[in-house]
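Reading the structure
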Amino acid sequence: IATLDVAHKGSWAFVAHGEYILMFNNYIGLGMGLDISHLGDRTSMNGQMQWNGVIDTDGEGYNHHLTISQWHDNQDVWYLQPGIFVHASVPVSTNWSIILAAGGRYGFPISNRMSYNGTTCHKGLYPQWGLTLSEMENHGFYTTTATMKTTDWKANRMIDLVLRAGVQYHIGKYTAL
């Protein structure tokens, strides 16, 4: 039995990209780039869950009831991502081209942060006795408020496959935006 309200709020994302492209001709090239990116996540939970037919340490059956109140979880990671790309350029005028790129990036986490806070309350409901047990920590029935902020957790390295499409404005013979 569950009436748990989970709100996945997401977070902001950011990518700054720089790249050198060696064009083999007017249409095909190879690019080597470096990105700095941010990924984040925000989640909150409120509600109740219940597991029926749980057996306690004395062999008695009970229903375990959990209440989650104002639980908030936040995660942020910054990555440094070198990459390599194959480029195709389609000139549309003297100064403009359509650019298509495909390749991959390898992400090294350079900064991370995680925090959570909220309250959980565990109770034991014994319907055969008309009894509810709470605040008996040695039996698994307790209320706790948890708060944690850290940068000690290890974010995973990642590999991205990238497809890009865009336009390019030629500033000079060897320079474009």
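A brief look at the structure comes next. These numbers come from a predicted model, not from an experiment.

**What to know about the pairing of strand β2 (residues 14–23)**
For β2 and strand β3 (residues 28–55), the ladder comprises 10 bridges, and the chain directions are antiparallel. Within β3, the position partnered with E19 by the bridge is G33.

**Let's talk about the environment of S37**
Relative to the assigned elements, S37 resides in strand β3. In the structure, S37 is positioned 64 residues away from A101 in sequence and 19 Å away in space, judged by C-alpha atoms. In terms of polar contacts, S37 uses its side chain to reach the side chain of Q81, at 2.7 Å.

**Here's the deal with the environment of I84**
Checked against the element boundaries, I84 lands in strand β4 (residues 61–91). Owing to a relative accessible area of 45%, I84 belongs among the partly exposed residues under this scheme. Along the sequence, I84 and I21 sit 63 residues apart, while their C-alpha atoms lie 9.6 Å from each other. Leaving out residues up to four positions away in the same chain, I84 has contacts with L30, G31, M32, A102, G103 and G104.

**Observations concerning the pattern of salt bridges**
Under the defined criterion, the tally for this structure stands at 5 salt bridges. For R164, the salt bridge identified is with E19, shortest N-O distance 2.8 Å. Within this pair, whereas R164 is found in strand β8 (residues 158–169), its partner E19 is found in strand β2, the two being separated by 145 residues in sequence. For R164, a relative accessible area of 28% corresponds to the partly exposed category. A relative accessible area of 26% places E19 in the partly exposed class. Measuring nitrogen to oxygen at the nearest pair gives 2.5 Å for the salt bridge that ties D35 to R105. Within this pair, whereas D35 is found in strand β3, its partner R105 is found in strand β5 (residues 96–126), the two being separated by 70 residues in sequence. Linked through salt bridges whose partners overlap, the residues forming this network are D35, R105 and D160.

**Things to note about the packing of aromatic side chains**
One pass over the structure, following the stated rule, counts 7 aromatic pairs. Summarising the aromatic geometry, the rings of Y62 and Y126 are spaced 5.2 Å apart at their centres and angled 20° between planes, so their arrangement reads as stacked. Of this pair, Y62 sits in strand β4 while Y126 sits in strand β5, and the two are 64 residues apart along the sequence. For the pair Y62 and Y126, a shared accessibility class is recorded, and that class is buried. Ring centres of W71 and Y116 lie 5.4 Å apart, and the angle between their planes is 15°; on these two criteria the pair is classed as stacked. On the criterion of sequence distance, the pair formed by W71 in strand β4 and Y116 in strand β5 is long-range, its members being 45 residues apart. Since its relative accessible area comes to 27%, Y116 is described here as partly exposed. In this structure an aromatic cluster arises from ring pairing among W12, F14 and W78. Taking NZ or CZ as reference, R164 lies 4.4 Å from the ring centre of F85, over its face.

**Examining the side chain of D73**
Considering the arrangement of structural elements, one finds D73 in strand β4. At 7.4 Å, R42 is the nearest oppositely charged side chain to D73, a buried residue that forms no salt bridge. At 3.3 Å, the side chain of D73 and the side chain of Q75 are in polar contact. Setting aside residues up to four positions removed in sequence, D73 forms contacts with D41, R42, T43, S115 and Y116.

Cut-offs and rules
Residues numbered from 1 in each chain as written. Predicted model: local features only at pLDDT ≥ 70, side-chain atom pairs only at ≥ 80, totals over all residues. Heavy atoms only, no water. Pairing = 2+ DSSP bridges. Helix = DSSP H or I, 4+ residues; strand = E, 2+ residues; numbered from the N terminus. Polar contact = N/O pair within 3.5 Å; in protein donor to acceptor, adjacent residues only side chain to side chain. Buried < 20%, exposed > 50% of the residue type's maximum accessible area, 1.4 Å probe, protein only. Contact = heavy atoms within 4.5 Å. Salt bridge = Lys/Arg side-chain N within 4 Å of Asp/Glu carboxyl O. Phe/Tyr/Trp six-rings, centres within 6.5 Å; stacked < 30°, edge-to-face > 60°. Lys NZ or Arg CZ within 6 Å of the ring centre and 35° of its normal. Lys, Arg positive; Asp, Glu negative; His and termini not counted.

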